[in-house]
Amino acid sequence: MKTEFFLILIRINDFMKIVKWETLLETGEYSLLPEYELVSMQIKEAIKSVVWPPDSEMFTIYPESGKRRGEGNGVKPIKNGFTNYLSRAGWQLEARAGRGKGKGSHPGAFDCHYAFNTNLKPFVIEWETGNISSSHRAINRIALGILKGWISGGILVVPSENLAQYLTDRIGNEPELRPYVPLWKKWETLADISYLGIITIEHDSLSKAVPKIPKGTDGRALQ
């Protein structure tokens, strides 16, 4: 069955950048599938759609360290711009993979969940808003979903070192995950057809002329 493509195209002059897209695990030539072409294109456009300040044409961050309480920039409003785009493109937000009731019976809800109209199992995305331990849990949850046959693939989105320094202190980031990449690349037996990757994102520019990104649940302007 031919995959139906749904892609919202946004034309802007500049945008949040993907500085690294690393494949940790790929079996069954997953990246050659039309389903992967669909989700990868939508993910790229969703990242491009993230701008700051709201209604601008680029992603500019206020250059203040997040190490001290009350300083730095929040992370949830950034995630909201990404997930809202994918929601409009047909992804489910906070959808659970697998069945079961009770704590520990399934890997929990994923930030974004796409169900293909083919026999291929769904694809999921986790956008990091927590600390480095949260990043490791996200990778494990995606891997468990693949192993159980609930999903066929997934991606974790994390900030680069350059971006992370201006966000909430200790947020999960690519450099701190890097030492574990050789381990994850050994997980080739999870499934016959599968994909697991990490996308590293970064701001386009710095300026103290823009407002700081709110922390907590503020920042609804990105919705």
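Everything numeric here is computed off the predicted structure, so don't read it as measured data.

So, about the overall build of the protein. Along its length, the protein carries 6 helices and 8 strands. The proportion of buried residues among the 223 residues of the protein is 50%. Counted over contacts in the protein with a minimum sequence separation of 6, partners at least 24 positions apart contribute 77%. Roughly 11100 Å² of accessible area belongs to the protein as shown, and the carbon and sulfur atoms make up 48% of that amount.

Counted under the stated rule, the structure contains 9 aromatic pairs. Taken together, a centroid distance of 5.5 Å and an interplanar angle of 65° make the contact between Tyr114 and Phe116 edge-to-face. The structure contains a cluster of three or more aromatic residues connected by ring pairs, namely Tyr30, Tyr36, Phe123 and Tyr195. Across from the ring centre of Trp21, 5.7 Å away, lies the NZ or CZ of Lys44, which sits over that ring.

Further remarks concern the packing of helix H1 (residues 34-48) against helix H2 (residues 76-88). Look at H1 against H2: their axes get within 8 Å of each other, and the N-to-C directions meet at 135°. Here H1 lies oblique to H2, going by the angle between them. Pair H1 / H2 crosses with right-handed handedness. Taken together, the residues of H2 that come into contact with H1 (itself represented by Gln42, Ile43, Glu45, Ala46 and Ile47) are Phe82, Tyr85 and Leu86.

On to the sheet that holds strand S7 (residues 194-202), then. With respect to topology, 6 strands assemble into an open sheet ordered S1-S7-S6-S5-S4-S3, the strand pairing being mixed. Only two strands of the sheet have a single partner each, and these edge strands are strand S1 (17-27) and strand S3 (92-96). Strand-to-strand twist of the sheet, defined as the mean angle between neighbouring strand axes without regard to direction, takes the value 30°. Where strand S4 (residues 109-114) meets strand S5 (residues 123-127), 3 bridges bridge the pair, whose relative direction is antiparallel. Pairing of His113 across the sheet is with Val124, part of S5. Contacts from H1 reach S1, S4, S5, strand S6 (153-159) and S7 within the one sheet, and its direction differs from that of S1 by about 155°. Contacting S3, S4 and S5, H2 runs over the sheet at an angle of about 160° to S5.

To continue, consider the side chain of Ser135. Residue placement: Ser135 occurs in helix H3 (residues 132-148). Looking at Ser135, its side chain comes within polar contact range of the side chain of Glu128, at 2.8 Å.

In this section: the side chain of Ser152. Positionally, Ser152 belongs in the loop between H3 and S6. On the basis of relative accessible area, Ser152 is assigned to the buried category, the value being 3%. Within the structure, the side chain of Ser152 is placed 2.7 Å from the side chain of Tyr30, a separation counted as a polar contact. Setting aside its immediate chain neighbours within four residues, Ser152 contacts Tyr30, Phe116, Leu120, Lys121, Pro122, Ile146, Ile193, Ser194 and Tyr195.

Confidence in the prediction for the protein averages 85 pLDDT; 85% of positions are at 70 or higher. With pLDDT under 50 throughout, residues 1-14 is counted as low confidence; its partners more than four residues away or in other chains account for 39 contacts. A low-confidence stretch, residues 217-223 (pLDDT under 50), is modelled with 14 contacts involving residues beyond four sequence positions or located in other chains.

Once that is clear, we can look at unusual backbone geometry. The omega torsion of the bond from Trp52 to Pro53 falls at -5°, within 30 degrees of zero and hence cis. Position of Pro53 relative to the elements: it lies in the loop between H1 and strand S2 (60-61). For Glu29, which is not glycine, the phi dihedral falls at a positive 50°. Within the secondary structure layout, Glu29 lies in the loop between S1 and H1. Within the chain, Glu94 stands out as a residue other than glycine whose phi angle is a positive 55°. Counting through the fold element by element, Glu94 comes out in strand S3. Overall, Glu94 belongs to the partly exposed group, its relative accessible area being 48%.

Here is what the cut-offs are and how they apply
- Residues numbered from 1 in each chain as written.
- Predicted model: local features only at pLDDT ≥ 70, side-chain atom pairs only at ≥ 80, totals over all residues.
- Heavy atoms only, no water.
- Helix = DSSP H or I, 4+ residues; strand = E, 2+ residues; numbered from the N terminus.
- Buried < 20%, exposed > 50% of the residue type's maximum accessible area, 1.4 Å probe, protein only.
- Contact = heavy atoms within 4.5 Å.
- Areas by Shrake-Rupley, 256 points an atom, 1.4 Å probe, with all protein chains shown as cover.
- Phe/Tyr/Trp six-rings, centres within 6.5 Å; stacked < 30°, edge-to-face > 60°.
- Lys NZ or Arg CZ within 6 Å of the ring centre and 35° of its normal.
- Axes fitted to C-alpha atoms, helices over the stretch in contact; angles between N-to-C directions.
- Parallel < 35°, antiparallel > 145°, perpendicular 65-115°, else oblique.
- Left-handed = near helix turned anticlockwise from the far one by under 90°.
- Pairing = 2+ DSSP bridges.
- Polar contact = N/O pair within 3.5 Å; in protein donor to acceptor, adjacent residues only side chain to side chain.
- pLDDT = per-residue confidence, 0-100.

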